[in-house]
Structures are given as C-alpha cells and as structure tokens.
Amino acid sequence: MKLTFCGAAGQVTGSSFLFETGSTRFLVDCGLFQGSRTTRAQNYAAFAFNPKQLDFVILTHAHLDHSGLLPRLCAYGFSGPIYTTPATRDLLGVLLPDSAYLQEVEAERAARHGREFTAVYSLQDAHAALKLVRAVPYDVPFEPAPRMRVLLRDAGHILGSAIAEISIEEAHRTRKIVASGDLGQPGRPILRDPTPVTEADVLLLESTYGNRDHKPLDRTLDELVTALQRGFDRGVVLVPAFAVGRTQEFLYYLNQLTREGRLGELNVFLDSPMASEVMRITARHFELFDEEARRAAQLHASGRSAVRLSVTESVRDSMALNRLQSSAIIVAGSGMCDGGRIRHHLRHHLSNPRTTVIIIGYQAAGTLGRRLVDRAATVRIMGEDVPVRAEIVTLGGFSAHADQSALVAWARNFARPPANVYLVHGEPGSAAALGERLAKDLGWRTHLPGQGESVEI
Ligand SMILES: [Zn+2]
C-alpha cells in the first residue's frame, strides 16, 4: 500500500493524505493551505492524483485546513462519498460556502484594485462537495470499500472532530491505520477528552504543539483576568477566534469568572455572521458535550448567565461596534486574522495604544495573527499599513490542540509501538521535538515526512 503526504507535512495546514491499495484509492482529509503567499499558492497546484479516480474521502473534522479543498476536489471531477460525523457535516454546511464566499469577495476586491486573484473555488463547487457528504456517528463501523472497515472516534478537538481508525485487508493480512486528525487537550470543559486508541500498524499523529506544553489552565485564567481588567480600564478588547472551535469555551470561561466575582459585568459582542449558526448547530449536538458544559448551558437557558452576550449579524451592526470606547470585548473571526470581520476591527483599533488584543488560538506562520504574536511594528490590512500600538496578549492555555505531554500521554495508550509512525501537522521544530520525546519516553521510532513524499506501508 502506498501513502502520499499531499499536505500538512512539515507545516500545519493543508492536511491531506492519499492511500492507494491495489484496488482502492482514498484520501484522509483535503485541507486548505493557509498562511503566507507561498503556502497559499499550493491551493492552486494540481492534485497529486486524478480526482476522478479517487474512491472516497474520510474527513476528520470541519476546520478548513482539513476540509477546505474539498470543493476544489469536486471541481476537478471527484464524485465519491465524503465520510464524516453528523456534527462535522452540519458545520461544513456553514464553513465551505463561507470559505467560497470569502474568496469571491477577495477576487472582487482584487479586481477593483487591479490585482490578480483567482478564487480557489466557487460557491457552486462548495455546494457540490456538501452533496457528497455521508454522516456516520462516532463508534459505528462502516465499510467504504470491500475488505475495509472504518471507525470514527471522538478526538475532543472541536465539535464533531474524529480520529479515523481504518482496517484494510490486503493479501490475507489485516492492517490498521490510525489518523489522529487534530487531538484536543484533555481535561477541558465542553468537549470530551480524545479517545484512547490501543493498536495501530501505521499512525499519522499531529504535532502542532509537539515542542511545548500549555500553561496550566489556572494560570491562563489568572492572566486572562489581569489582561481584561487592564484592557477594560484602557479601551476596547479584541479577541480573534475561530467561529468553530474554542469560542464557546472562551465564553464559558468568561461566564465562570464573572460568576466567581473575579470579573465585573461583561459586555461581549460576538461579531461573526457564522457564530449564531454555529451555536445552533452546537445546540443540536448536545449529546457530544461533557457534563460540565450541559450544566453551563442550562444556566444560560435559565437566564442566570452573568455575561451579556450580543450577537451581531449584519454589517451595519458590526460597523456600529467601531463606536465602542471601552469595557467591551469584541470576539470576531477569523481565528488567525487572515479573513473575516476581525480585520476591520484590527484596522480600526490596532494603532490605538488603549486597545488590547488577546490571542487565544494557534497562529500559523505567515498569517496576520502570527505577525501580531511576533510583535510586528506595522502590519498590512486591506491594503493599508497599520502601526501596531495596541497591547498584544498571547494566552496559549486555551489552545484546541493537545500539548506535548498530552500527545505523549495519548501515544502511551498503544499496547505496542506502531510499526510506522508519521508526525504530521506541525512545523518542523515541533514535529522533531515530539519525535525526540516519543523516542525517549516510549522507545518509538518516528518519521517526519516531507511535502509530497510517498512511502510504502
Ligand atoms: Zn483543527
């Protein structure tokens, strides 16, 4: 069997892995490349295979760096099923059309300014991809091809996120491939912990935070309280957040801190056209939550929530937020500041030294969010150079990804070392550091694949 790393090899975006047996050809994930111009250029490259000859896709979760090239796959002739969880199917219904729409807007803007920009795909392609989705609940085996059995396990990363366990019978022996997808940090509210897996011959393991541990949650919450108190006294607080991901968790913490009396009354503006839709989807999949989250949701429903949350949907409401002077938190997407309404808010507020920007999620190399974390003096937003005078606070402890210790702990569940372990979805330093820890603690031999590399497994 041949495995080709079509993306997320030596980088965090563009997750896509091609498996070819004698009779079947399938992908695990088909993600968008996000970040610098050179990274994004890969979205336009020809697929390493003929999409018409692809039998099916298994999708681990809805984040665009895993799902965002599915419409392009369809535009190039793919017409097989896309297997994923019911919650991921629902989230894709919002995310893929939005991704196409943002590209069309970008193309129009570029045309107005005489720049060259081609949308990676159209709204029509996004809807074509959605038609191919087949939802399979967690832990229910299915057979996408003869002699092949797949199970999706809860990965605890975002709503609907899955680890894929794939058993393939070839030449009278069965081999098990496990693709971790993105793994969540255990012990967090709302989502469950990543499901332990005990057996694999081939393991594809994410390594986003392979080189470090998150600060303990208590310390992160202390830092959040300090940053918010300071920020409120001075001006507006901006929080770039993924519409799908830790936004709900962040709101949950704000609520908890207010109830504990550590924060005063809060005005939170959730400025994301997707946010209310995602909240509705989240409510539909209540069965996936853990106990704590159900309790919090009940409080919210009973009107005893301490946070005053306003959801702005129209552009006019969003613009009106520009008039806010202080004591308000604006939470807006996109999470890495490379699109969405957060860019308008940043353009308006970054040059003001009274503004605080709180970064709560992973910022890929080359994104505007990463430049803020790296303390750039000036950034370019919508064709305008904006000096960064705002205070930038980075809080790593809210990450949706397992940290180094959590990844090693998850790997420890395997009864014996998988014969082939590939560290993917990490910048080279992170993947290498995780490889060293796995060698030292568990005696594992790991491989860091290169972009486009093929291996026999
Ligand atoms: Zn993800």
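Residues numbered from 1 in each chain as written. Predicted model: local features only at pLDDT ≥ 70, side-chain atom pairs only at ≥ 80, totals over all residues. Heavy atoms only, no water.

## Some words on the pairing of strand β14 (residues 328–332)
Okay, so step 1: The buried fraction of β14 amounts to five of the five residues, a majority that puts the element mostly inside the structure.
Okay, so step 2: With burial as the criterion, each face of β14 is covered, one bearing Ala328, Ile330 and Ala332 and the other bearing Ile329 and Val331.
Okay, so step 3: As defined by bridge partners, strand β12 (residues 266–271) adjoins β14 across four bridges and the pair is classed as parallel. When the bridges of β14 are listed, Phe269 appears paired with Ile330. (Buried < 20%, exposed > 50% of the residue type's maximum accessible area, 1.4 Å probe, protein only. Helix = DSSP H or I, 4+ residues; strand = E, 2+ residues; numbered from the N terminus. Pairing = 2+ DSSP bridges.)

## Things to note about the sheet that holds strand β7 (residues 148–154)
Okay, so step 1: What the five strands build is an open sheet, ordered β7-β8-β9-β10-β19; its pairing is mixed. Taken across any chain shown, the strands that pair with only one partner, and hence form the sheet edges, are β7 and β19 (420–424). If you compare each strand with its neighbour and ignore which way they point, the axes differ by 15° on average.
Okay, so step 2: The sheet contact formed by β7 and strand β8 (residues 162–170) spans seven bridges and is antiparallel. (Axes fitted to C-alpha atoms, helices over the stretch in contact; angles between N-to-C directions.)

## Description of the domain arrangement of the protein chain
The parts lose accessible area when they come together, and the size of an interface is often stated as this lost area.
Okay, so step 1: Domains assigned within the protein chain are domain 1 (2–212 + 400–456) and domain 2 (217–398).
Okay, so step 2: Domain 1 and domain 2 are separated by 27 Å when their C-alpha centres are compared.
Okay, so step 3: Contact residues are listed per partner, giving 30 residues for domain 1 and 34 residues for domain 2.
Okay, so step 4: Of the roughly 2,800 Å² buried between domain 1 and domain 2 on both sides combined, carbon and sulfur atoms contribute 64%.
Okay, so step 5: Residue Arg284 is joined to Asp90 by a salt bridge in which the shortest nitrogen-to-oxygen separation is 3.4 Å.
Okay, so step 6: Taken together, the links from domain 1 to domain 2 amount to seven residue pairs in polar contact (both at pLDDT 80 or more).
Okay, so step 7: Of the residues that constitute the side of domain 1 that touches domain 2, the class distribution is 14 nonpolar, nine polar and seven charged. (Domains from an automatic or database assignment. Contact = heavy atoms within 4.5 Å. Buried area = accessible area lost by both parts, 1.4 Å probe. Salt bridge = Lys/Arg side-chain N within 4 Å of Asp/Glu carboxyl O. Polar contact = N/O pair within 3.5 Å; in protein donor to acceptor, adjacent residues only side chain to side chain. Nonpolar A, V, L, I, M, F, W, Y, C, P; charged D, E, K, R; others polar.)

## Quick notes on unusual backbone geometry
Okay, so step 1: Of note, the amide linkage connecting Gly333 to Ser334 takes the cis form, showing an omega dihedral of 5°.
Okay, so step 2: In this fold, Ser334 is placed in the loop between β14 and α11 (342–349).
Okay, so step 3: Positive phi is not limited to glycine here, since Asp139 has a value of about 65°.
Okay, so step 4: Secondary-structure assignment places Asp139 in the loop between β6 (133–135) and β7.
Okay, so step 5: One non-glycine residue, Met382, lies in the positive phi region at around 45°.
Okay, so step 6: Its location among the elements puts Met382 in the loop between β16 (378–381) and β17 (384–387).
Okay, so step 7: Overall, the relative accessible area of 23% leaves Met382 in the partly exposed class.

## Re the sheet that holds strand β5 (residues 82–84)
Okay, so step 1: Within the open sheet, the seven strands sit side by side as β6-β5-β4-β3-β2-β1-β20. Their pairing is mixed. In this open sheet, the two strands that pair with only one neighbour each are β6 and β20 (454–456). When strand polarity is set aside, the average angle formed by the axes of neighbouring strands in this sheet is 25°.
Okay, so step 2: The sheet contact formed by strand β4 (residues 56–58) and β5 spans two bridges and is parallel. When the bridges of β5 are listed, Ile58 appears paired with Tyr83.
Okay, so step 3: Of the strands in this sheet, β5 and β6 are in contact with helix α4 (residues 86–112), which crosses β6 at around 145°.

## Digging into the coordination of the zinc ion
Okay, so step 1: Every protein donor of the zinc ion is listed here as His61 (NE2), His63 (ND1), His157 (NE2) and Asp182 (OD), and their distances to the metal cover 2.2 to 2.4 Å.
Okay, so step 2: Here the zinc ion binds four donor atoms, and the angle range of 90 to 168° at the metal identifies the geometry as irregular.
Okay, so step 3: As a motif over one chain, the donors of the zinc ion read H-x1-H-x93-H-x24-D. Just as His61 is buried, His63 falls in that class too. (Donors = N, O, S within 2.8 Å, 3.2 Å for Na, K, Ca; no water. Tetrahedral: all angles 85-135°; square planar, octahedral: opposite > 155°, others 65-115°.)

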